Amino acid sequence: MDKAKPFEISKHAVWRAYQKVKANQGAAGVDAESITDFERNLKDNLYKIWNRMASGSYFPPPVRAVGIPKKTGGTRILGIPTVGDRIAQMVAKEYLEPLVEPQFHPDSYGYRPGKSALQAVEVTRKRCGRYDWLVEYDIQKLFDSIEHSLMLRAVQHHTDCKWLLLYIERWLKAPMQGEDGSLVERTAGTPQGGVVSPLLANLFLHYVFDKWMVRTFPDHPWARYADDGVVHCRTEAEAKHLLVALDERFQACSLRLHPAKTQIIYCKDDDRRGTSPETRFDFLGYTFRPRRAKNRYGKFFVTFTPGVSNNAAKAMRQTIHDWRMHLKPDKTLEDRSRMFNPVLRGWLLYYGRFYNGSSPLNLGESAI
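Residues numbered from 1 in each chain as written. Predicted model: local features only at pLDDT ≥ 70, side-chain atom pairs only at ≥ 80, totals over all residues. Heavy atoms only, no water.

Draft legend 1. Highlighting the sheet that holds strand E10 (residues 286-294). Reading across the sheet, the three strands line up as E9-E10-E11 and stay open at both edges, with antiparallel pairing between neighbours. Looking at strand neighbours, the two that pair on one side only are strand E9 (281-283) and strand E11 (300-308), the edges of this open sheet. Looking at each pair of strands side by side, their axes are set apart by 50° on average, direction ignored. Sheet topology places E10 next to E11; nine bridges connect them, and they run antiparallel. Looking at the pairing, Thr287 lines up with Gly307 of E11. Along the sheet face, helix H5 (residues 117-128) touches E9, E10 and E11 and points at about 55° away from the line of E10. Packing of helix H11 (residues 310-323) onto the sheet brings it into contact with E9, E10 and E11, and relative to E11 it is tilted by some 50°. (Pairing = 2+ DSSP bridges. Helix = DSSP H or I, 4+ residues; strand = E, 2+ residues; numbered from the N terminus. Axes fitted to C-alpha atoms, helices over the stretch in contact; angles between N-to-C directions. Contact = heavy atoms within 4.5 Å.)

Draft legend 2. Focus on the pattern of salt bridges. Per the counting criterion, the structure on display carries 15 salt bridges. With a closest N to O distance of 2.7 Å, Asp132 and Arg272 form a salt bridge. In this pair, Asp132 sits in the loop between H5 and strand E3 (133-138) while Arg272 sits in the loop between strand E8 (263-266) and E9, placing the two residues 140 residues apart along the sequence. Two residues, Lys173 and Glu169, come together in a salt bridge whose shortest N-O distance is 3.1 Å. Here Lys173 pairs with Glu169, and both are found in helix H8 (residues 162-173), just four residues apart, close to one helical turn. One connected set of salt bridges, linked through shared partners, spans Glu122, Arg125 and Lys126. (Salt bridge = Lys/Arg side-chain N within 4 Å of Asp/Glu carboxyl O.)

Draft legend 3. Quick look at the environment of Trp163. With respect to the secondary-structure elements, Trp163 resides in helix H8. Residues Trp163 and Glu8, spaced 155 residues apart in sequence, show a C-alpha to C-alpha distance of 8.6 Å. Sequence-distant contacts of Trp163, defined by excluding residues within four places in its chain, comprise Phe7, Glu8, Ile9, Met53, Val91, Ala92 and Tyr95.

Draft legend 4. Local environment of the packing of H11 against helix H12 (residues 333-351). Contact geometry of H11 with H12 gives a least axis separation of 12 Å together with a crossing angle of 170°. In terms of orientation, H11 lies roughly antiparallel with respect to H12. Residues Ala312, Met316, Thr319, Ile320 and Trp323 of H11 form the contact with H12, whose participating residues are Phe340, Val343, Leu344, Trp347 and Tyr351. A per-class count over the contact of H11 with H12 returns nine nonpolar, one polar and no charged. (Parallel < 35°, antiparallel > 145°, perpendicular 65-115°, else oblique. Nonpolar A, V, L, I, M, F, W, Y, C, P; charged D, E, K, R; others polar.)

Here it is in structure tokens:
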């Protein structure tokens, strides 16, 4: 450690951060420098990052704006940092995460070590069996809408580390560079695609939603995966009251509910005699809806359970179509298995977890 530096950031922390960034790979930023390019002068490049971070003179370059298509249509804009900036952000993430992770709610599942989307689907499946009604919500453009002053206040609640607060503020304000080279200043949000952004978004929603729910609606269990979540209710009246309160809470924190992805759902099955126009919802690639099932005695009944969604099935079909297997006559069966089996295995492991009648082998839903 260089005692002359104002901030105590170890060279080993920068080295560990580089190793994690390399393992994650990722696209080049505005400087068009890849991981391979960065490694051509690895020692000097890592030293520069450490020296600037430890001296307080590190200023993040602009993030590269990249549009990627969404499964539901439209385009999502990602902000891709440079390789060097991803390493610097990883240093900060490795410092901040141990401070905030133990404080997070167990029903927050997105971007957390030891947590997964399948866990959120599983706990939601169980709770749909115990609660008749559900509020599905989606936060519109979360990563573009986070208010910087509230975000910094949340970080300050967990640490007074000066270098961490300094660089998080600089990352929040780093401009975005379009394909034409134009720069867009950022007055809100944290770039979706940054290394530290998912952790910051989780910390922000920890105060905006998680702790607020525990304090205000302690009897309503919920599951949240980043900006997408569900809350369970016993009655329709409870669900309507909750939805109004939720909308007011998010607006107070400069966030908006997505009008097309926020709704009240009735978890219809054989034991529930109520009615509602909405008896299905999508959550993390699964569609929850009434489905026919068979008990151990061979008797059919209707249960409310998840199965692969139409959007997810459509994306899988498109991927298979894009493989153009009929244009690969030179490939042996073994070659094709090496090329495609990892993807197929991933689909089966994720979408084959619930309701065999709509497994990815069918690539679509089965009607009751």
